[in-house]
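# Tertiary structure, described
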Amino acid sequence: MANWSEAYSDLLASYVGQYKDARGDSGLRSEILAEVKSKILQHPPSSSVVLPKNLRVAIRREFLPKLDPEDRDDEENIIKYILEVTEKRKEDSDEGEDAREEKARPTKAGDYKKPFTAFTSGQRLFKDEMDTYDRERRDTKDPKTIGQRNKIIQQCYQRKNFPGMAREFIDMVHRTMGSHIVMFAAHEAQDSQIKMAVFETQPQDGKKAFSGASEPSKDWVLKGEQILTDYLLTDPVEEELNEEKKDTEITLDDDGNPEVPPWTGQKLKVQQNLARAVFQAAYAKFTQKPKAKVPWGLLIKSPLEYLDSESIPDGFVMKDPSKWTKADMRLLWNHWHSLEGQDKVIVTFIKCKKEDLPLGGSLMGKPDPKKESGEGEAGVEDSEAETSGRHKTLKKYQKLVELVVALPETETHISTEPALPEWALWTWGAKYLPEHIHLDRDSFLKALAQLEGEKFGSFNQGGPIVLGLGLLLRECNRAQEVEEDDPEVSHLDFLLNSNLGIQRAEDVLCAVGSVIARLEQGSVGMNRGGG
């Protein structure tokens, strides 16, 4: 039987050069692999040639001998990773079938009186599954709950069959109308968390599915899931009486932190609303945006990723406030009273949604409750040593923002546009700065010199400069915190090998200080002239 690579040797040879030149650009290499695969499938081989199952991996292996040694090592690691993931998915899918087969085997001698057919086996499996699902969701010994059984079984049936129905519907619409569909589906799990699923049309031309085609599409899908989760977890807005609104009002201390509201004698609904208001006030302070809403969906999934560990008691299950019981409220309120007795902040956020980030928020560190409460001088000194650099960065950058915002909106005597980097614009839509900023020191210093040396006297002229300096600070911070095992950035070679870091961040801060000094000097000159 002939080798497939020999049958397509001319096609493979025509793409080797392009693939080799695309080193470091994983997106371009992926497009080349997709194009080669598509052309191979468009020209099927003879009956004596069999194509490998994982054609993209096979094409990578054919390109390996033509690559540079270092590039070859990276490519071999990528192939190894792809094969490991494929094998793991195969094992996971097989595990469910084995478990179901084991469960279907008769355990009593009486069960062998009647031979099992496909139909009777299916009946038995369905009954056992429904009974287990029912026992987990209601007290089967309480006759009063028997009315809930039909509703519970219906939910289980819909949950089990919906994926197949959704895919069948998407395929039918795509086949009959040619439409490409992305469908978000969600249901409430037993632990009161929202489980999400995405169904979408699978392209037939070798392209990736929409949800994984590019970074913007991945962000769009992730944001869509968060919006749907927040929507499902948010109670419908109802008109409330003035007395009810007054009952859910909370007070803030001198620093803007929420205080423990009185809850004794309040109804459970009012207690839940008070707890929601406490979290909302703490989130508004952290984001510096009064209208920013708490992302309850994210908070439920990973509470300690967004909250300081002291904000909730040990063992407390984070849910939407409307799901908390009286026991939950008592546990939460006692914990908050204990914190307030120690002069500590009762709820502190350490992270927020990307769109809610305060100006310069990507450089903010985790707050130290001891430092806020004024207790433990040694602990405060340790905390200051760890976070002083970031707080100074935020403070200096915030000062620059305030100076630029205070300038006149326009500058009548300036007619030419400032010569700034292409990415220092509000219309820049890429998630990261260009690769040469990360990898080429001269490109970084040139862009920094353009931003630092540009003179301006209005908000419209200075806004892009503030934006550009902020983007450089953010990129330096990203380069410091990037982790190689993070699947979201593992393919971004320019970020993993970036030259940006603490030293480059210091260069940006020096430029920020230079611009501040120039603006302050101009402000003093104007005041003297006016006097």
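All values derive from a computational prediction rather than experimental measurement.

### Here we look at the environment of G206
- Note on placement: G206 falls in the loop between β2 (194-200) and α8 (215-233).
- Along the backbone, G206 and K39 are 167 residues apart, and their C-alpha atoms lie at a distance of 9.5 Å.

### Notes on the confidence of the model for the protein chain
- Chain-level pLDDT for the protein chain is 78 on average; 81% of the residues reach the 70-or-more range.
- Contacts from residues 362-386, a stretch scored under 50 in pLDDT, to residues over four places away or in other chains number 36 contacts.
- Of the regions scoring below 50 in pLDDT, residues 524-531 engages in zero contacts with residues more than four places distant in sequence or in other chains.

### Some thoughts on the pattern of salt bridges
- For the structure shown, the criterion picks out 19 salt bridges.
- A salt bridge links K20 to D68; its shortest N-O distance comes to 3.9 Å. Residue K20 is located in helix α2 (residues 9-21), and its partner D68 is located in the loop between α4 (55-63) and α5 (69-104); the two are separated by 48 residues in the primary sequence.
- Using a relative accessible area of 35% as the deciding quantity, one classes K20 as partly exposed.
- With a closest N to O distance of 2.8 Å, R504 and D507 form a salt bridge. One end of the pair is R504 and the other is D507, both in helix α20 (residues 502-530) and three residues apart, which spans about a single turn.
- Since its relative accessible area comes to 14%, R504 is described here as buried.
- Taken together, the shared-partner salt bridges connect K20, R23, D68 and E70 into one network.

### A short note on unusual backbone geometry
- One non-glycine residue with positive phi stands out, namely Q288, at about 60 degrees.
- One non-glycine residue, D343, lies in positive phi territory at about 60 degrees.
- Since its relative accessible area comes to 57%, D343 is described here as exposed.

### Topic: the nonpolar core
- Formed by 32 residues in total, the largest nonpolar core has its most connected members in L400, W423, I437, L451, L469, L472 and V508.
- If sequence neighbours within four positions are ignored, L469 has contacts with Y397, L400, L448, L451, V508, A511 and V512.
- Counting residues in each nonpolar core, the second largest holds 31 residues, with W263, V278, I300 and L307 among its members.

### Brief notes about the packing of aromatic side chains
- As enumerated under the stated definition, the model contains eleven aromatic pairs in all.
- With centroids separated by 6.1 Å and ring planes inclined at 45 degrees, the aromatic side chains of F279 and W324 adopt a geometry described as tilted. Here W324 lies in the loop between α12 (303-306) and α13 (326-341) and F279 lies in helix α10 (residues 268-287), a separation of 45 residues in the sequence.
- Taking relative accessible area as the criterion, W324 reaches 1% and is therefore assigned buried.

### Description of α10
- Along its 20 residues, α10 runs 29 Å from first to last C-alpha, staying within 8% of the 28 Å computed at 1.5 Å per residue.
- One or two positions beyond α10, positive phi appears at Q288, with a value near 60 degrees.

### A look at the side chain of S498
- Mapped onto the secondary structure, S498 falls in the loop between α19 (493-496) and α20.
- The residues contacting S498, other than those within four sequence positions of it, are H438, L439 and A479.

### A short note on the side chain of D328
- Structurally, the position occupied by D328 is in helix α13.
- No salt bridge forms around the buried D328; measuring N to O, its nearest opposite-charge neighbour K319 is 4.0 Å away.
- At a separation of 3.0 Å, a polar atom in the side chain of D328 contacts the main-chain amide nitrogen of T325.
- Excluding anything up to four places from it in sequence, D328 contacts F316, K319 and K323.

Analysis parameters
Residues numbered from 1 in each chain as written. Predicted model: local features only at pLDDT ≥ 70, side-chain atom pairs only at ≥ 80, totals over all residues. Heavy atoms only, no water. Helix = DSSP H or I, 4+ residues; strand = E, 2+ residues; numbered from the N terminus. pLDDT = per-residue confidence, 0-100. Contact = heavy atoms within 4.5 Å. Salt bridge = Lys/Arg side-chain N within 4 Å of Asp/Glu carboxyl O. Buried < 20%, exposed > 50% of the residue type's maximum accessible area, 1.4 Å probe, protein only. Core = buried A, V, L, I, M, F, W, Y, C linked by side-chain atoms within 4.5 Å. Phe/Tyr/Trp six-rings, centres within 6.5 Å; stacked < 30°, edge-to-face > 60°. Expected span 1.5 Å × (residues − 1). Lys, Arg positive; Asp, Glu negative; His and termini not counted. Polar contact = N/O pair within 3.5 Å; in protein donor to acceptor, adjacent residues only side chain to side chain.

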